[in-house]
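Chain and residue survey
Residue-level listing of the chains:
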Amino acid sequence: MNLTLKIWRQKDANSKGAIVDYQVQGIEGDMSFLEMLDVLNEQLITKGEEPVVFDHDCREGICGACSLQINGEPHGPDRLVTTCQLHMRKFNDGDTIYIEPFRAKAFPVVKDLMVDRSAFDRIQHAGGYISVNTSGNTIDANAIPVNKQDADDAFSAATCIGCGACVAACKNASAMLFTSAKVSQFALLPQGQVEATDRVLAMVNQMDEEGFGNCTNTGACEIECPKGISLENIARMNREYVKASMKG
Ligand code: SF4
Ligand code: FES
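Residues numbered from 1 in each chain as written. Chains lettered and ligands numbered in written order. Predicted model: local features only at pLDDT ≥ 70, side-chain atom pairs only at ≥ 80, totals over all residues.

1. What about the nonpolar core?
Membership of the largest hydrophobic core comes to 42 residues, with the highest contact counts inside it found for Cys-166, Val-167 and Leu-177. Of all the secondary-structure elements, those providing two or more residues to this core are helix 2 (118-127), helix 4 (165-169), helix 5 (176-187), helix 6 (196-209) and helix 8 (232-247). Among the elements that make up this core, the one with the highest residue count is helix 5 (seven residues). Shared between two domains, this core holds at least three residues of each, these being domain 1 (3-111) and domain 2 (118-247). (Core = buried A, V, L, I, M, F, W, Y, C linked by C-beta atoms within 7 Å. Buried ≥ 20, exposed ≤ 12 C-beta atoms within 10 Å, placed from the backbone. Helix = DSSP H or I, 4+ residues; strand = E, 2+ residues; numbered from the N terminus. Domains from an automatic or database assignment.)

2. Topic: the site of ligand 1
Around ligand 1, 14 residues are found, and the nearest of them are Cys-160, Cys-163, Ala-165, Cys-166 and Cys-225. Those elements giving two or more residues to the shell around ligand 1 turn out to be helix 4 and helix 5. Counting residues per element, the shell around ligand 1 draws most heavily on helix 5, at three residues. By residue class, the composition of the shell around ligand 1 is 11 nonpolar, two polar and one charged. (Near = placed C-beta within 6 Å. Nonpolar A, V, L, I, M, F, W, Y, C, P; charged D, E, K, R; others polar.)

3. Here's the deal with the domain arrangement of the protein
Each domain of the protein was delimited in the assignment, giving domain 1 (3-111) and domain 2 (118-247). Once you take the C-alpha centre of each, domain 1 and domain 2 turn out to be 29 Å apart. Across the contact, 18 residues belong to domain 1 and 16 residues belong to domain 2. Looking at side-chain class alone, the side of domain 1 that touches domain 2 contains nine nonpolar, six polar and three charged residues. (Contact = placed C-beta atoms within 7 Å.)

4. Re helix 5
In an α-helix, one full turn covers 3.6 residues, which means residues spaced three or four apart are oriented alike. With 12 residues, helix 5 extends 15 Å between its outermost C-alpha atoms, agreeing within 8% with the 16 Å of an ideal straight helix rising 1.5 Å per residue. Burial analysis of helix 5 places 12 of its 12 residues in the buried class, the great majority of the element. Along helix 5, the residues classified as buried are Met-176, Leu-177, Phe-178, Thr-179, Ser-180, Ala-181, Lys-182, Val-183, Ser-184, Gln-185, Phe-186 and Ala-187. (Expected span 1.5 Å × (residues − 1).)

If you want it as structure tokens, here you go:
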């Protein structure tokens, strides 16, 4: 495949960015989207030009680092896959592909396609933990009965990889799907009850402080989420928040 790429280039956080056109040739359908960008970067390096900066780490759909807006969609046209697992067979010879960073006030561009998603870390730090008594009287986790459905739902919520696609997909740049997944994975389990009240208040407060917008139930986040995180988590977080506010 030969492709035209229209890529957002931005020198640093304070510079103005722009779309720049590139041509790549000989792209195979079995290549991943990131491998296609590797081909482009090899070309640029050979010509003595600066390669395009983009985030990646595991390249197997688990770390959440790869975060590209491809033809206007976070992680591109495929469903339930991250950018690193998106294959070039989803595109056709002669296609023009727009590649931009995830856009949100709370995700400032670092360089080219790389954004700063440390706002997510700060939301996690605000309440994404549990207290466990390790004084010698620790209860074996397997000795605490957990309802099967709750265990399954907590596990599903815990599959969120913090990629930020939900924010990029949302017209309000809301982080409700991410935050609600992090709240839910603890709210559903007995081990998460100790800090339940403080957790939801602190995480929602941090989410607002970071400048993410609010949820207006559009549902774009759920459609674009590579891990299929359900909107039910947002409903659960809202219930937890109301309960906690009344207690507080
Ligand atoms: S909820 Fe989905 S889209 Fe949002 S950060 Fe988690 S995995 Fe990514
Ligand atoms: S590079 Fe880790 S999920 Fe894509």
